[in-house]
Amino acid sequence: MTRILLMIGLALTLTHAAGAAELPPLDPAIPSYPAEPLRPDPATEKRIDALLAKMTLAEKVGQLRMGGWSQTFDLEEARSGIIGSLTGAPDAAANAAIVKAARQSRLGIPILLTDNVIHGFRTLIPAPIGLAATFDPDLVRIASAWAGYEAAAIGLHWTLSPMIDISRDPRWGRVVEGPGEDPYLASKISAAEVSGLLRGGIIATLKHYVGYGAAEAGRDYNSTWIPPELLHDLYLPPFKAGIDAGAMTVMAAFNALNGLPATANPRMLDGILKHDWGFAGLVTSDWDSVWELQNHGIAADGAEAARKAILAGLDMEMAGDMFKDNLAQEVEAGRVPLARVDDAVRRVLRVKFRLGLFDRPDPDPKLADTRLLTPAAKKTAREIAAASLVLLENHNDTLPFKPGIKKIAVVGSMADTPSDHMGPWGANGREADVVTTLAGLKARAPDGTTVTFAPGCDRECKDTSGFAAAVDAAAAADIVVAVMGETWYHTAEGASRTKLDLPGHYEELLESLVATGKPVVLVVLGGRPMTITWAARNATAILYAWFPGTEAGAAIADVLFGDVDPSGRLPMTFPRAVGQIPIYYAHLPTGRPATGDQYSSKYIDEENDPLYPFGYGLSYGRILYDDLRILTPRIGLDGVITTDVHLTNVGTHQGTETVQLYVHDLVAGRSRPIKELKAFAKVVLAPGESRRVELKVPVADLAYHLDDGTAVVEPGRFQIFIGGSSRATLSGMVVVEGK
Ligand code: BGC
């Protein structure tokens, strides 16, 4: 079905393009929360006052602890009221027992159960970088709602997601968990995930606050150095957007920011988050990161670590004992004011009240299974998986498959490894539920078309003994689908890389397949941009699939057979070579732009240009842009810039286009990026169809930040670019007037 999406920056109220996905049912047993910021309300604060008055110091400290669940978790801990939260309980029955034990504690304060529901719970949706690649916040919200619904069904209240760390460094393995390089797109995705999770039935955590994605040299947990202006322009906006959408919890990052670990960083926690933004929810540490303050060299012992963390504004400790072992003594010795502990407890209780945990019945664990992996959830997962796939190359219009294709050779053992279609943080996903690429192609192939399979090598492509058989299979086929990339555990936490080529001997295998002369469609699984420079020139087509989730293979087949038009766009720039990193589209101009001259800003051994730019992706249509109109050529500071552009699909297939608007502030008090994304819209055009598409940008969105966080819009000339990627060249000018 064609749903037409007409755009707009601020009020991106559009619906997703394909239109089959639906929100989960409003189920009386599963809660649903509004997407609005958490604000203290007088009646609840009174109930919190009453509880605080009854609590012992030990019970208060207990509320500030998040246990790390293990098989040996002792229910007695919950029963004695000295644990406020628990992460990682895996099933409905275990959760129900824990909840019951906490209710039996002296004051009956409910426990908050959480887990890493990162991209779906039982029905897995694409890994977060793939969610961002949809450029479709409405669809991301629907898919996140299913994640929340399934998690709530087994009794979880809270997920440790979304990760909304901007990163411009694909060496960092955690880019798979995030929204990519751009603050505008990331903010839309952040709000969509938060509000979707709330609609589904659980609350979100914005992590990792803040700047974790800027780890030096792309090495996980490494320190970051971020000037305040950049922090406000780039790293903070997705957090603010998530809080405005209703996020009630924030997780402090592992790393040190400008020399001060994020776990004990008063400027970030107490200052910006709680004071400047008025955040009324709770801040948790990351896994045992209070203890790690000693490794960072800012605490001599556990007591100092606990003290520094809580005084900086951290409210809860995850999976560590620094609060448990030290906080009461620190209060008794007068080194930590009781008022700070009370404030932290208040924040935890506020979230519990907001969730209704004191007042509503818990879901019946016996019914949990009936709410998992339902046909409607799978339908949404399939739709969003297809929408996340990015078509990078399609020479000779090889895709979609033509009716004459009778023999498809699938090569690469990853084509049939379920876990590499699920990706890292598989939550409750089961391998048996996953449709692999091989299974998806076999299921979709029409009668008379055969699908053969030759692994070629193992999933890391170290053992090349299967190459000859794979080449034979390719030579005997009409078309080759080569599935290659990174295993799920090679793009993940702690999986930083210094080389970003296809791992192992994959490229050699690809070269041999291409040498057969048969068309080779490369399907890449993986969670980050890779330097597929050879493949870009030599493969016949490339579909970048990320980790699409439970319905992966069905979605890949939908796109390869042309049942669904590919519509994903890159949320990160793809480098040609690792030496170009950090590489991102919104860079500043230099005093010596690259020219043929030796003394200009360039490399002597590589182009400046990326392999694929941010925002790039093909569809099966051929969309031409012309006649950009700036409908508000002069505009005041409180105005809304309105533009429109004419699109025509000159191709023979339907085309799904993500129209993108970029801005360049030509002259300002500080150098401004050569382009910044400020609006986008998805449109579907039938062959031969043409249409005008309107895009709007509030002038306030042209602001940049001073180092104290003040946002300023400087009047003057702004160049507007509209096109299908950050390489957009069609441009016009708007003059912002005012003081
Ligand atoms: C990660 C977090 C995650 C936590 C709990 C940490 O290692 O950094 O993102 O939520 O573990 O599993």
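As the structure is a prediction and not an experimental result, all values here were calculated from the model. (Residues numbered from 1 in each chain as written. Predicted model: local features only at pLDDT ≥ 70, side-chain atom pairs only at ≥ 80, totals over all residues. Heavy atoms only, no water.)

### So, the overall build of the chain
The helix and strand inventory of the chain stands at 21 helices and 26 strands. With respect to the three principal axes, the spread of C-alpha positions in the chain is 75 × 60 × 45 Å. In the chain, which comprises 739 residues, the proportion classed as buried is 62%. Here the contacts in the chain between residues at least 6 apart in sequence split such that 78% fall between residues at least 24 apart. (Helix = DSSP H or I, 4+ residues; strand = E, 2+ residues; numbered from the N terminus. Buried < 20%, exposed > 50% of the residue type's maximum accessible area, 1.4 Å probe, protein only. Contact = heavy atoms within 4.5 Å.)

### Structural notes on the pattern of salt bridges
Tallied over the entire structure, the rule returns 41 salt bridges. Linking Lys 60 and Asp 342 is a salt bridge whose minimum nitrogen-to-oxygen distance equals 2.9 Å. Pair noted here: Lys 60 is in helix α2 (residues 57–63) and Asp 342 is in helix α14 (residues 338–354), with a separation of 282 residues, a long-range link. In terms of burial, Lys 60 and Asp 342 fall into one category: buried. With a shortest N-O distance of 3.5 Å, Asp 609 and Arg 727 are connected by a salt bridge. Of this pair, Asp 609 sits in the loop between α21 (552–560) and β17 (623–630) while Arg 727 sits in the loop between β25 (716–723) and β26 (730–737); the two residues are 118 residues apart in sequence, bridging distant segments of the chain. With relative accessibility at 37%, the residue Asp 609 sits in the partly exposed group. You can call Arg 727 partly exposed: its relative accessible area is 39%. (Salt bridge = Lys/Arg side-chain N within 4 Å of Asp/Glu carboxyl O.)

### Regarding the site of the ligand
The immediate surroundings of the ligand are formed by Asn 116, Leu 160, Arg 174, Lys 207, His 208, Met 251, Phe 254, Asp 286, Trp 287, Met 318, Trp 425 and Glu 493. Note that an oxygen atom of the ligand is positioned 2.6 Å from one of the side-chain N or O atoms of Asp 286. Side-chain polar atom of Glu 493 to an oxygen atom of the ligand: 2.8 Å apart, as the coordinates give it. Summarising the interface, the protein chains cover 92% of the accessible area of the ligand, which totals 310 Å² for the free molecule. Looking at side-chain class alone, the shell around the ligand contains six nonpolar, two polar and four charged residues. (Near = heavy atom within 4 Å. Polar contact = N/O pair within 3.5 Å; in protein donor to acceptor, adjacent residues only side chain to side chain. Areas by Shrake-Rupley, 256 points an atom, 1.4 Å probe, with all protein chains shown as cover. Nonpolar A, V, L, I, M, F, W, Y, C, P; charged D, E, K, R; others polar.)

### A look at the domain arrangement of the chain
When cut into domains, the chain gives domain 1 (54–368), domain 2 (373–580) and domain 3 (623–737). Here the C-alpha centre of domain 3 lies 35 Å away from the C-alpha centre of domain 1. Buried area between domain 1 and domain 3, summed over both chains or domains, comes out near 1100 Å², and the portion from carbon and sulfur atoms is 61%. Counting across the domain 1 and domain 3 interface gives three salt bridges. In this structure, Lys 682 and Asp 136 form a salt bridge, with 3.9 Å as the shortest nitrogen-oxygen distance. Inspection of the domain 1/domain 3 interface yields five residue pairs in polar contact (both at pLDDT 80 or more). For the side of domain 1 that touches domain 3, the secondary structure elements donating two or more residues are α7 (183–200) and α8 (228–235). Looking at the side of domain 1 that touches domain 3 element by element, the count peaks at four residues for α8. Taken together, the residues of the side of domain 1 that touches domain 3 sort by class into five nonpolar, two polar and six charged. (Domains from an automatic or database assignment. Buried area = accessible area lost by both parts, 1.4 Å probe.)

### Considering the state of the cysteines
The full count for this structure, using the stated rule, is one disulfide. Cys 457 shares a disulfide with Cys 461; S-S distance 2.1 Å. Disulfide Cys 457-Cys 461: torsion about the S-S bond near -100°, hence left-handed. Judged by relative accessible area, which is 0%, Cys 461 ranks as buried. (Disulfide = S-S within 2.5 Å.)

### A short note on the side chain of Thr 417
Looking at the element boundaries, Thr 417 is found in the loop between β12 (407–411) and α16 (418–422). For Thr 417, the side chain forms a polar contact with the side chain of Asp 420, separated by 2.7 Å.

### Topic: the sheet that holds strand β5 (residues 205–209)
Read from one edge to the other, the open sheet built from three strands follows the order β5-β6-β9, with strand pairing classed as parallel. The open sheet has two edge strands, β5 and β9 (282–284), and neither has a second partner. Each strand axis lies, on average, 25° off the axis of its neighbour in the sheet, ignoring direction. Here strand β6 (residues 249–252) runs beside β9; their pairing, made up of three bridges, is parallel. Bridged to Val 250 within β9 is Val 283. (Pairing = 2+ DSSP bridges. Axes fitted to C-alpha atoms, helices over the stretch in contact; angles between N-to-C directions.)

### Considering unusual backbone geometry
Here Lys 207 and His 208 are connected by a cis peptide whose omega angle stands at -5°. Along the chain, His 208 turns up in strand β5. Look at the link from Leu 399 to Pro 400: it is a cis peptide, with omega at -5°. Mapped onto the fold, Pro 400 is located in the loop between β11 (390–394) and β12. If you check the backbone angles, Asp 397 has positive phi at about 50° while not being a glycine.

### Description of the pairing of β26
Moving residue by residue along a regular strand, the side chains alternate between the two faces of the sheet. Pairing analysis gives three bridges linking strand β18 (residues 634–636) to β26, with the strands arranged parallel. Bridging across to β26, Arg 634 finds its partner in Val 735. With seven bridges joining them, β25 and β26 adopt antiparallel strand pairing. Bridged to Arg 717 within β26 is Val 735. Following β25, the chain reverses through six residues before pairing antiparallel with β26.

### Focus on the side chain of Thr 224
Mapped onto the fold, Thr 224 is located in the loop between β5 and α8. Taking the relative accessible area as the measure of exposure, Thr 224 reaches 0% and is therefore buried.

### Examining the pairing of β11
With five of its five residues buried, β11 lies for the most part within the structure. Sheet analysis places β11 next to strand β16 (residues 541–546), joined by four bridges and oriented antiparallel. Bridge pairing links Leu 391 to Leu 543 in β16.

### Quick notes on helix α17 (residues 437–444)
Buried residues of α17: Thr 437, Leu 438, Gly 440 and Leu 441, and no others. The buried residues of α17 occupy one face: seen down the axis, they fall within an arc of 165°. Those residues of α17 hidden inside the fold are in contact with β12, α16, β13 (450–454), β14 (479–485) and α21. (Arc of directions from axis to C-beta.)

### Section: α21
In terms of burial, α21 is largely enclosed, as nine of its nine residues are buried. Along α21, the residues classified as buried are Ala 552, Gly 553, Ala 554, Ala 555, Ile 556, Ala 557, Asp 558, Val 559 and Leu 560. Looking at the buried positions of α21, the neighbouring elements they touch are α15 (375–388), α16, α17, β14, β15 (520–525) and β16. Of the residues trailing α21, Gly 562 is marked for its positive phi of about 85°.

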